[in-house]
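What the coordinates show
These are the residues of each chain, in order.
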Amino acid sequence: MARDWDLRADELSAEAIGQGEPTAWFDRLYAAGVAGEVSMPWDRDTPQPLLEEWARATGLDGTGRRAVVVGCGLGADAAYLARLGFATTGFDISSTAVDQAGARHAGSGADFVVADLLALPEEWRGHFDLVVEVFTVQALPDPPRTEAMAAISTLVAPGGTMLAIAFRDDGSEPPAVGPPFPLDRGTLEAMAGDRLEVVALEELAGPLWRAEYRRA
């Protein structure tokens, strides 16, 4: 059953986008995984490799700092940051995913909550020293992708960092085909908005982007 959820994701996302509900398909897909209709989507218990590589290279230490994982899914990245010492919040619009994440990583110290990226709690604005976004905004068409990117940048505290990992548009697929929608350099640069500056924008095999941003 490995990766059979990809096909179901295509069906559910097309249906939701067609209905004008571009974020509704996430919970429907996770629910299908829990029900055993498909294998569990995005199923991993280890951190995303490019996140872990970056953390090791930078000597990332979360002691006394706050982190948030956008679209945390089943929670592996949030649990990893909690182990590095961050007071970590993982949020997802899918209540099913959040329930699964909490069960899987009950002893991690990470806090898993349901939240809508397009309607974030006001108290989260400028609250986090590290914001991690992995393959989330590119799961959305535009609109509302631009609004989602702007919302993510508001989470970064003064002096804080944001790390984004995304599939890179290498010209091999039409840009409108997705999700996932591969992102070009201009889109990654635009994620900085007027709050952040681009520190590094790496073109990696996959093809993938790893982008680091900082707020002054």
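Since this is a predicted model, take the numbers as computed values, not measurements.

Cut-offs used in this document
Residues numbered from 1 in each chain as written. Predicted model: local features only at pLDDT ≥ 70, side-chain atom pairs only at ≥ 80, totals over all residues. Heavy atoms only, no water. Axes fitted to C-alpha atoms, helices over the stretch in contact; angles between N-to-C directions. Helix = DSSP H or I, 4+ residues; strand = E, 2+ residues; numbered from the N terminus. Parallel < 35°, antiparallel > 145°, perpendicular 65-115°, else oblique. Left-handed = near helix turned anticlockwise from the far one by under 90°. Contact = heavy atoms within 4.5 Å. Nonpolar A, V, L, I, M, F, W, Y, C, P; charged D, E, K, R; others polar. Buried < 20%, exposed > 50% of the residue type's maximum accessible area, 1.4 Å probe, protein only. Pairing = 2+ DSSP bridges.

**Brief notes about the packing of helix α1 (residues 4-18) against helix α2 (residues 25-34)**
- Running from N to C, α1 and α2 cross one another at 150°; their axes reach a closest spacing of 9 Å. Taken together, α1 and α2 sit at an angle that is classed as roughly antiparallel. Considering only the axes of α1 and α2, their crossing is right-handed. Contacts between α1 and α2 involve Trp5, Arg8, Ala9, Leu12, Ser13, Glu15 and Ala16 from the former and Trp25, Arg28 and Leu29 from the latter.
- Here the contact of α1 with α2 is composed, by residue class, of six nonpolar, one polar and three charged.

**Side note on the pairing of strand β7 (residues 208-215)**
- Counting buried positions over the eight residues of β7 gives six, a clear majority of the element.
- Alignment of strand β6 (residues 196-204) against β7, held across eight bridges, turns out to be antiparallel. Each bridged residue has a counterpart across the sheet, and for Glu203 the counterpart in β7 is Trp209.
- Hairpin connection of β6 to β7: three residues between the antiparallel strands, including Gly206 at a positive phi of 150°.

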